[in-house]
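# Structural features, examined
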Protein chains: 2
Amino acid sequence: MYEAITIKDIGKALGLSTSTVSRALRGSYEISSETKKLVLEYAEKINYRPNPVALSLKGRRNCSIGVIVSEIANNFFSQAINGIESIAYNRGYHIIISQSHESYEREVVNIHHLASRSVDGLLVSLSSETKDLSHLINLHEKGLPIVFFDRVTNEINTYKVIADNQKASYDATTHLINKGYKKIAHITSAVNLSITKERLEGYKNALTENGIAYNEKYVQYCNHGGMMTEEIEEALKSLMAQKQKPDAVVTASDRITTCLLSATKKLKIKVPEQLAIVGFTNTNIPELFNPPITTIRQPAFEMGQVATELLIKIIESKRPVTEFETKVLDTELTVRESA
Amino acid sequence: MYEAITIKDIGKALGLSTSTVSRALRGSYEISSETKKLVLEYAEKINYRPNPVALSLKGRRNCSIGVIVSEIANNFFSQAINGIESIAYNRGYHIIISQSHESYEREVVNIHHLASRSVDGLLVSLSSETKDLSHLINLHEKGLPIVFFDRVTNEINTYKVIADNQKASYDATTHLINKGYKKIAHITSAVNLSITKERLEGYKNALTENGIAYNEKYVQYCNHGGMMTEEIEEALKSLMAQKQKPDAVVTASDRITTCLLSATKKLKIKVPEQLAIVGFTNTNIPELFNPPITTIRQPAFEMGQVATELLIKIIESKRPVTEFETKVLDTELTVRESA
DNA sequence: TTTAATTACGCAAACGTTCCCATGCAGTTG
DNA sequence: CAACTGCATGGGAACGTTTGCGTAATTAAA
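Keep in mind the model is a prediction, meaning the values are calculated, not measured.

In total, this model carries 20 salt bridges over all chains according to the counting rule given. Of the charged contacts in the structure, one is a salt bridge between A:Glu316 and A:Arg91, with a shortest N-O distance of 3.3 Å. Remark: A:Arg91 occurs in the loop between helix H5 (75-90) and strand S2 (94-99) and A:Glu316 occurs in helix H12 (residues 300-316); sequence separation between them is 225 residues. Residue A:Arg91 is classed as partly exposed on the basis of its relative accessible area of 40%. Ionic pairing is found between B:Lys266 and B:Glu233, a salt bridge with its closest N-O pair at 3.1 Å. Of the two residues, B:Lys266 sits in helix H11 (residues 254-266) while B:Glu233 sits in helix H10 (residues 229-240), which places them 33 residues apart along the sequence. On the accessibility criterion, B:Lys266 (55% relative accessible area) is exposed. Salt bridges sharing common partners tie together A:Glu102, A:Asp150, A:Arg151 and A:Arg199.

Set out below in structure tokens:
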């Protein structure tokens, strides 16, 4: 279709073999500086670009990183992606973004696609449906560098970057308790996600430490993570239908928080009078909501940056990396009118 | 790195040549049905996946579509991408997303990267800095299918998908006029974008048709399209510093609208008492803002879908497509309290 | 029975690049 | 002057796949 300029064309034009041209372009010490200069200048002139597909076939790095998240249309992830890109761009890497839409099947398909297009590494935030990790374990065992962020797993030993979810929801819950709320509910994501567990843990700890009994009925899991508004609405209805209506709620994700606010409006529940809300969200405009919303903000951009740095570190490491750690970044609780 | 299963492995295991295996997998008529069955079953069994990199090298389609937008962290674009993906996924295409961050340079680099990874086609929404289109013209002339959406150009003859921007901002402006506002400002994106021109046109038309003089000073261009909050704040300050302060404003993009609302809060300008606002935005939660905001909503998801269908149509067309059209989709004005 | 057609398969080139292994030549050493 | 070294370069295989062409075996037609 496009007849791109190849190394052969250069060779032909200059009366050199392809091997010489290839070496000259890579600056091999074997090539005389005159020839190098000649080749380099000519290549520059005709605007030669090596064909990355051919490079991939030869098994060389192609300086691209695959990113898979559940949903781009989500403040947290889009900010994280911007962080990823900010580092990748500086280090000469391209990023290829893919979405799982919280579907296990799509996650598998997309990860295979990325791997088979021979990205040099993968930045992964798991879908909420994912329980079986064999697709990733396979790739990891074959040596593909992988770094997890936000939604991680401990079935794979590699670098992970997460927010201090446990502490964040502990603080949020404690804040509510200190404000005098006693019947605090928790609306959270799919039960098997790492973030769900961590956030639930913090919530529980805060309750028990303050002598409030943990009530299972106050915890609502949303398997679609807020992608479906009905789900949140159901959760809210189910909470408000209980004999002991909760007077506050800690929400565990970006979409859940905004959807919940929407749902309270729809069901005419007054915030914070009837129900106080403090939620995880990375919206840029929490103060514009009615009421301005008390938020737990994750350092999304920074998480993306850190994850990318770690990934590139593995990719560029001469020897296989075997010592990994999990970076835990601080969150930020900002109190506004909703709680 | 990963030793994937190749066609050779299958051949070796089955005592067949690679060509036979290849043909059997593609269902060639030259291969006996027994052999086909044998190969197919074995391939299935060992979970063979053709190497897309090798396929690309051979110049075959690889069923992937490159998408470039200015910014993912933008309701309009993330919804459009979801629309793109919904079609692509059904038709067996993968999408590779890239951001220009409104930078011409990044747009060029990323488009080259996508093209050189031999995507089958490109879905493009131009960056606000882009004036020179030679990078795209080149690819287009070489036969790479390209469809533009939202931010288009008429320098390239291909399919385009846009919202009816002219009508949308005409309607919005008319709505303000009907509400009694007379001093209507317009905060918009970079001056050279197609959407900017179209939206400005509608704004102007509404004014003149209602006997209101068009005032150049009431139009503020934001070259970063709302990516920088300061820019919007400056625009607002500059408007409010005029002798004849505007009493209403039509904002021309997602980020501009929310940033403007933020800025009014910061500068303690009451909406809609001191300044009415109606804006283009695709936020899912316009009713949650304070005040609930009057919006012009673009059919982002649908635009993505239509653009993708058209692109795949070009990609899969046997003969070169030469007749193109520009699809114009309706927008939706929803009146809320901000105007 | 000979010849032609058909079927079912293999060989090898090609895509663009890298890289190991020559090869030729100049200069140096003994 | 033979043997070696170092240098600059070329030849060609390899990566995984497709595909044009060739060909053996079988079958059908003459």
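Okay, back to it.
Let us now look at the sheet that holds strand S7 (residues 219-221) of chain B. Residue and element names in this part refer to chain B. The mixed open sheet is built from six strands, whose spatial order is S7-S6-S8-S9-S10-S12. Both outer strands of the open sheet, S7 and strand S12 (332-334), are each paired with one neighbouring strand and no more. Adjacent strand axes in the sheet meet at a mean angle of 15°, parallel and antiparallel pairs treated alike. This element, H11, spans strand S6 (184-188), strand S8 (248-251) and strand S9 (276-280) of the sheet and lies at about 155° to S9.

Superposition record for chain B on chain A: RMSD 0.1 Å, screw rotation 180°, translation along axis 0.1 Å. Such a turn and shift between the copies fits a two-fold axis. For chain B, the minimum C-alpha distance to the rotation axis belongs to B:Phe289 and amounts to 2.2 Å. Interface overlap between copies is the fraction of interface residues in one copy that are interface residues in the other; for chain B against chain A it reaches 100%, indicating a shared surface.

So, on to the packing of helix H5 (residues 75-90) of chain B against helix H12 (residues 300-316) of chain B. All names here are of chain B. Their axes nearest at 7 Å, the elements H5 and H12 cross at an angle of 40°. Considering their axes alone, H5 and H12 lie oblique with respect to each other. Like other packed secondary-structure pairs, H5 and H12 cross with a definite hand, here right-handed. Of the residues in H12, those touching H5 at Phe 76, Gln 79, Ala 80, Asn 82, Gly 83, Ile 84, Ser 86, Ile 87 and Ala 88 are Ala 300, Phe 301, Met 303, Gly 304, Gln 305, Thr 308, Glu 309 and Ile 312. Class assignment for the residues of the contact of H5 with H12 results in nine nonpolar, seven polar and one charged.

With that settled, the discussion passes to the domain arrangement of chain A. We note that the domain assignment places domain 1 (7-50), domain 2 (64-162 + 300-328) and domain 3 (165-298) within chain A. Relative placement of domain 1 of chain A and domain 2 of chain A: their C-alpha centres are 36 Å apart.

Residues and elements named next belong to chain A. Here six strands make up an open sheet; going across it, the order is S7-S6-S8-S9-S10-S12 and the pairing mixed. In this open sheet, the two strands that pair with only one neighbour each are strand S7 (219-221) and strand S12 (332-334). Strand after strand, the sheet turns through a mean of 15° between neighbouring axes, direction not considered. Sheet topology places strand S8 (residues 248-251) next to strand S9 (residues 276-280); four bridges connect them, and they run parallel. When the sheet's bridge partners are listed, Ala 248 is paired in S9 with Ala 276. Here helix H9 (residues 194-209) sits on the sheet and contacts strand S6 (184-188), S7 and S9; the angle it forms with S6, its principal contact strand, is near 175°.

In the region of DNA strand D, 26 residues are neighbours, and A:Thr20, A:Thr35, B:Ile7, B:Ser22 and B:Arg26 sit closest. The protein-proximal atoms of DNA strand D, defined as those within 4 Å of the protein, are 59% sugar or phosphate. Measuring from a phosphate oxygen of DNA strand D, one finds a backbone N or O atom of A:Gly15 at 3.5 Å. At the level of elements, helix H2 (18-25) of chain A together with helix H1 (7-14), helix H2 (18-26) and helix H4 (52-57) of chain B are the ones that each hand at least two residues to the surface near DNA strand D. Taken together, the residues that form the surface near DNA strand D break down as eight nonpolar, 10 polar and eight charged.

Cut-offs used in this document
- Residues numbered from 1 in each chain as written.
- Chains lettered and ligands numbered in written order.
- Predicted model: local features only at pLDDT ≥ 70, side-chain atom pairs only at ≥ 80, totals over all residues.
- Heavy atoms only, no water.
- Salt bridge = Lys/Arg side-chain N within 4 Å of Asp/Glu carboxyl O.
- Helix = DSSP H or I, 4+ residues; strand = E, 2+ residues; numbered from the N terminus.
- Buried < 20%, exposed > 50% of the residue type's maximum accessible area, 1.4 Å probe, protein only.
- Pairing = 2+ DSSP bridges.
- Axes fitted to C-alpha atoms, helices over the stretch in contact; angles between N-to-C directions.
- Contact = heavy atoms within 4.5 Å.
- Least-squares fit on C-alpha atoms with pLDDT ≥ 70 in both.
- Parallel < 35°, antiparallel > 145°, perpendicular 65-115°, else oblique.
- Left-handed = near helix turned anticlockwise from the far one by under 90°.
- Nonpolar A, V, L, I, M, F, W, Y, C, P; charged D, E, K, R; others polar.
- Domains from an automatic or database assignment.
- Near = heavy atom within 4 Å.
- Polar contact = N/O pair within 3.5 Å; in protein donor to acceptor, adjacent residues only side chain to side chain.

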